[in-house]
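These are the residues of each chain, in order.
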Amino acid sequence: MNIIQFTVSELKDPTGILTGKRYEFHLFLEFEEDDELLEEDTAGIRTIYVVDGEDDKIMASYFFKKGTEQAMDFELEQEELEEVLAFCRNNVEKVEETSKNN
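Keep in mind that what you see is a predicted model, and the values were worked out from it rather than measured. (Residues numbered from 1 in each chain as written. Predicted model: local features only at pLDDT ≥ 70, side-chain atom pairs only at ≥ 80, totals over all residues. Heavy atoms only, no water.)

Brief notes about the overall build of the protein chain
Looking only at helices and strands, one finds three helices and four strands in the protein chain. Secondary structure elements of the protein chain occur, N-terminal to C-terminal, as β-β-α-β-β-α-α. Put simply, the protein chain has 102 residues, and 29% of those count as buried. Restricting to contacts in the protein chain with at least 6 residues of sequence separation, those with at least 24 account for 47%. For the protein chain, the computed accessible surface area is about 6900 Å², with 44% contributed by carbon and sulfur atoms. (Helix = DSSP H or I, 4+ residues; strand = E, 2+ residues; numbered from the N terminus. Buried < 20%, exposed > 50% of the residue type's maximum accessible area, 1.4 Å probe, protein only. Contact = heavy atoms within 4.5 Å. Areas by Shrake-Rupley, 256 points an atom, 1.4 Å probe, with all protein chains shown as cover.)

As C-alpha cells, this is what we get:
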C-alpha cells in the first residue's frame, strides 16, 4: 500500500459529549497492477482517527471507490491498520497547524 495523497479535517462534536479530538482522513492510494483493489477501482481509505490525551486510535476505516466515495466491502488487514494509524499520527499536525493559523 502506497499513500500518494491525503486530506484531513477535524470533526467537531456539537454535543460536547465525546472526549478528545476526531479527524477524518482520506488516504489516496497507489496499488500494484495485480492487486485486487486496483481491479475494483478503489481510490483509497477513509478513516476516523481519534486523539484523546496521550491515547490515539482508529475508530473506523474502510476502502472507498473512485468517483463515488462509496464504501467497499473489503476489510483492512491488521498490518494495513497499523500503517494507517502511523500515517495519521505523523500527519495530524498539519490540521493542527492550520487551526492555529486561522
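Considering the side chain of Asn-91
The residue Asn-91 is located in helix 2 (residues 78-91) in this model. Among the polar contacts made by the side chain of Asn-91, one reaches the main-chain carbonyl oxygen of Phe-87 at a distance of 2.8 Å. (Polar contact = N/O pair within 3.5 Å; in protein donor to acceptor, adjacent residues only side chain to side chain.)

Focus: the pairing of strand 2 (residues 21-30)
Look at any regular strand and the pattern is simple: side chains alternate between the two faces of the sheet. Within strand 2, seven of the ten residues are buried, which leaves the element mostly enclosed by the surrounding structure. Of the strand pairs in this sheet, strand 1 (residues 2-11) and strand 2 are connected by nine bridges, and their pairing is antiparallel. Residue pairing across strands places Thr-7 opposite His-26, the latter belonging to strand 2. (Pairing = 2+ DSSP bridges.)

Comments concerning the environment of Met-59
In this structure, Met-59 sits in strand 4 (residues 55-65). It is 7.5 Å that separates the C-alpha atoms of Met-59 and Thr-47, two residues lying twelve residues apart in sequence. When residues no more than four places from it in sequence are discounted, the contact partners of Met-59 are Ile-48 and Val-50.

Digging into helix 2
In this model, helix 2 (14 residues) spans 20 Å end to end at C-alpha, consistent with the 20 Å of a helix rising 1.5 Å per residue. Considered for burial, the residues of helix 2 that qualify are Glu-80, Val-84, Leu-85, Phe-87, Cys-88 and Asn-91. Summarising the axial view, the buried residues of helix 2 lie within an arc of 165°, below the 170-degree limit, and thus occupy one face. With respect to the buried face of helix 2, the exposed residues turned more than 90 degrees away are Gln-78, Glu-79 and Asn-90. (Expected span 1.5 Å × (residues − 1). Arc of directions from axis to C-beta.)

Some points on the confidence of the model for the protein chain
The pLDDT averaged across the protein chain works out to 83; a share of 79% of its residues lies at or above 70. Helix 2 holds the highest mean pLDDT among the elements of the protein chain, 93, whereas helix 1 (residues 36-39) holds the lowest, 54. (pLDDT = per-residue confidence, 0-100.)

Points about the pattern of salt bridges
Counted under the stated rule, the structure contains three salt bridges. Across the pair Lys-12 and Glu-10 runs a salt bridge whose closest N-O atoms are separated by 3.6 Å. Judged by relative accessible area, which is 65%, Lys-12 ranks as exposed. (Salt bridge = Lys/Arg side-chain N within 4 Å of Asp/Glu carboxyl O.)

Thoughts on the environment of Ala-60
Here Ala-60 shows up in strand 4. Residues within four places of Ala-60 in sequence aside, it is in contact with Arg-46, Thr-47 and Ile-48.

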